[in-house]
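# Chains, contacts and geometry: an overview
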Amino acid sequence: MMLSHRVGQACHVLVLVLCLSAAEDFDWSANNHDSFYYGTFPNGFSWGAGSSAYQTEGAWDKDGKGLSIWDVFTHKKGKTFLNDTGDSSCEGYYKFKDDISLIKELNLNHYRFSISWPRIMPTGIRSDHVNEKGVKYYNALIDELLKHNITPIVTLYHWDLPQVLQEKYGGWQNISMINYFNDFANLCFERYGDRVKYWITFNNPWVCSLYSSYNSKLKKCAHAKVWHTYDTQWRNKQRGMVGISLSGDWGEPVDITNQKDIEAAERYVQFYIGWFATPIFHGDYPQVMKDFIGRKSAQQGLGTSRLPTFSSQEKSYIKGTSDFLGVGHFTTRYITQKNFPFNRGSTYFSDRDVAELVDPRWPDPGSEWLYSVPWGFRRLLNFIKTQYGNPVIFITENGVSEKMMCTELCDDWRIQYYKGYINEMLKAIRDGVNVKGYTAWSLLDKFEWDEGYSERFGLYYVDFKNKNKPRYPKASVQFYKRIIKSNGFPNQREVENWKMKATETCSTSNQLLAADPLTSHMEMVTEVVVPTVCTLCILISAVFLMFLLRKRN
């Protein structure tokens, strides 16, 4: 899902308090981290799961698809774990009907996926060529979802930029990208907007902008242009919504008596989700980002800040360009003040003047950056409510990985993660946060960027070694399914019973999967050994025939 975080030394921490800009109806000083609330979500709450094109589709060079930057990157040796690529991944391009059956089995209300820009525009430029086979694929996917009463939530950009745009224009460094992206979005509105009512412009632009010297301004302008295009050309006809999906960890101060730590914690969050959310909701970067980066830029002898500035026209153009806010959240950090000298280089991390710490008691079953800290989720949601005027929120990514060589379908840690995080989201809704839907990340195990297939986020296990890429339900499937059916957590006894039944189910699935390698081996024997035996038989027959001929002579 996300690229590696920088993690500081572990630290044991007791009761901590966050004194941010407090909402009147949320007690930031309450230490109820371990409490559990039994109750239900509002009527009409939408439950879903998600994926992205490059991570799941495969078919990287089929049916007229153009190259993406990830196709090129992963084909270079040493760039990903074990040189894994997304060339075939889950084969979702061919198996989307099977996957929709899984979605239907879960009783999901919505499914979040992304459209591959180079699949429908091979060069990324509409005037060059529109690949109708690619357009047809997404039409079929959308129609199949709607056939089963599943709402599509569509992401326009989930990091798979057309390679031609990278080579020819330098990608998102070039202002021309704003119009090219708008052309792509406009084509999607034109072809799919009669059925798609929820659009996400960018998925977590924080990752793509992290190492590009704050060059995220173009993405904000590109997002705004797409929103305005939809607003002026399509909204009255299609009645849809356009938002953006932003990821953010929560930051909690280490020392509640230290004002510098309290300020550092807020700075951490503002540099993270605020970097993108504040311009969209308020028209400019967070003041703390402007202050810190401006001061460090001046200390380095630069004439202007390394953080770009918005003109007054740009501020008014960007402000208010989100019908809903997509929120991706996975984990939390404890934060303390740490000064980074300006003469040791300048990066996003050193500009913040913070150090990230983790509690060694936090579970960490998978990705090195992902610790299970459910209570941080509620605090982040209340922060968003307070900072941005309580916008409509869809949780667009939330989930946990595992990192193990052996197969394990009894994912108790994922059940605990979902139970805790979904419950904290329920508490946030009771606080008045306007959350309308939740997307588990992810539906399937999939290609995890530079980590290849070494980390698994899926509710469903995918056997990547089998050419058919079969899917197997993990225990978390049954648990999540019961949360959805009950629209929450009815009572303690019933919720505990869910976990027990889910574990029983996964034990059977484990036995089924354990037998599957035999099938794969037999397929290999059929494909490799049998032709070898046939060849050997022909050779033996030829030798025997030569022997008979010599004997006759």
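Residues numbered from 1 in each chain as written. Predicted model: local features only at pLDDT ≥ 70, side-chain atom pairs only at ≥ 80, totals over all residues. Heavy atoms only, no water.

If you check an unreviewed UniProt entry, the chain appears there as Cytosolic beta-glucosidase from Cyprinus carpio. Under the UniProt heading Sequence similarities (unreviewed entry), the note attached to the chain is "Belongs to the glycosyl hydrolase 1 family. Klotho subfamily." (UniProt positions renumbered as here; feature names shortened; annotations may be inferred.)

## As for the overall build of the chain
For the chain, the helix and strand inventory stands at 17 helices and 15 strands. Buried positions account for 58% of the 553 residues belonging to the chain. Partitioning the contacts of the chain with sequence separation of at least 6, the portion at a separation of at least 24 is 78%. Accessible surface, the chain as shown: approximately 23000 Å² in total, 54% of it carbon and sulfur. (Helix = DSSP H or I, 4+ residues; strand = E, 2+ residues; numbered from the N terminus. Buried < 20%, exposed > 50% of the residue type's maximum accessible area, 1.4 Å probe, protein only. Contact = heavy atoms within 4.5 Å. Areas by Shrake-Rupley, 256 points an atom, 1.4 Å probe, with all protein chains shown as cover.)

## With respect to the sheet that holds strand β9 (residues 332-337)
Across the sheet, which stays open at both edges, the 3 strands sit in the order β7-β9-β10 with mixed pairing between neighbours. Looking at the sheet topology across the chains shown, the edges are occupied by β7 (250-253) and β10 (354-357). Direction aside, the axes of adjacent strands within the sheet are offset by 40° on average. In the sheet, β7 pairs with β9 via 4 bridges, with the strands oriented parallel. In the strand pairing of β9, Trp 250 is matched with Thr 332. (Pairing = 2+ DSSP bridges. Axes fitted to C-alpha atoms, helices over the stretch in contact; angles between N-to-C directions.)

## Describing the environment of Gly 92
Of note, Gly 92 is situated in helix α3 (residues 92-106). Leave out the neighbours within four places in its chain, and Gly 92 touches Thr 56, Glu 57, Asp 99, Tyr 137 and Arg 471.

## Concerning the environment of Trp 159
Structurally, Trp 159 is set in the loop between β4 (151-157) and α6 (163-169). Judged by relative accessible area, which is 3%, Trp 159 ranks as buried. Between the C-alpha atom of Trp 159 and that of Trp 70, which follows or precedes it by 89 residues, the distance is 8.0 Å. A polar contact of 2.8 Å, which involves the side chain of Trp 159, links it to the backbone oxygen of Asn 203. (Polar contact = N/O pair within 3.5 Å; in protein donor to acceptor, adjacent residues only side chain to side chain.)

## Remarks on the pattern of salt bridges
Scanning all chains against the criterion turns up 32 salt bridges. Between Arg 119 and Glu 57 there is a salt bridge, with the nearest N and O atoms lying 2.9 Å from each other. Note that Arg 119 is positioned in helix α4 (residues 117-120) and Glu 57 in the loop between α1 (53-56) and α2 (69-74), a separation of 62 residues in sequence. With respect to class, Arg 119 is no different from Glu 57; both count as buried. Salt-bridge contacts for Glu 402 lead to Lys 474; the nearest nitrogen and oxygen are separated by 3.2 Å. Separated by 72 residues along the polypeptide, Glu 402 in the loop between β11 (393-398) and α15 (412-430) and Lys 474 in the loop between β14 (471-473) and α16 (475-486) bring together distant segments of the chain. Judged on exposure class, the residue Glu 402 and its partner Lys 474 are both buried. Salt bridges sharing partners connect three or more residues here, namely Glu 402, Asp 411, Arg 414, Asp 445, Arg 456 and Lys 474. (Salt bridge = Lys/Arg side-chain N within 4 Å of Asp/Glu carboxyl O.)

## Concerning the packing of α15 against α16
One way to put it is that α15 packs onto α16 with a least axis distance of 9 Å and a crossing angle of 25°. By the angle between their axes, α15 is roughly parallel relative to α16. The handedness of the crossing between α15 and α16 is right-handed. Between α15, through Arg 414, Ile 415, Lys 419 and Ile 422, and α16, the contact on the second element is made entirely by Ala 475, Ser 476, Phe 479, Tyr 480 and Ile 483. (Parallel < 35°, antiparallel > 145°, perpendicular 65-115°, else oblique. Left-handed = near helix turned anticlockwise from the far one by under 90°.)

## Brief notes about the nonpolar core
Residues Trp 117, Trp 199 and Met 425 are the most contacted members of the largest nonpolar core, which totals 152 residues. Looking at which element gives the most residues to this core, the answer is helix α10 (residues 259-282), with 12 residues. Apart from residues no more than four positions distant in its own chain, Trp 117 is found in contact with Gly 124, Tyr 157, Asp 160, Leu 161, Pro 162, Leu 165, Trp 172, Met 177, Tyr 180, Phe 181 and Phe 184. (Core = buried A, V, L, I, M, F, W, Y, C linked by side-chain atoms within 4.5 Å.)

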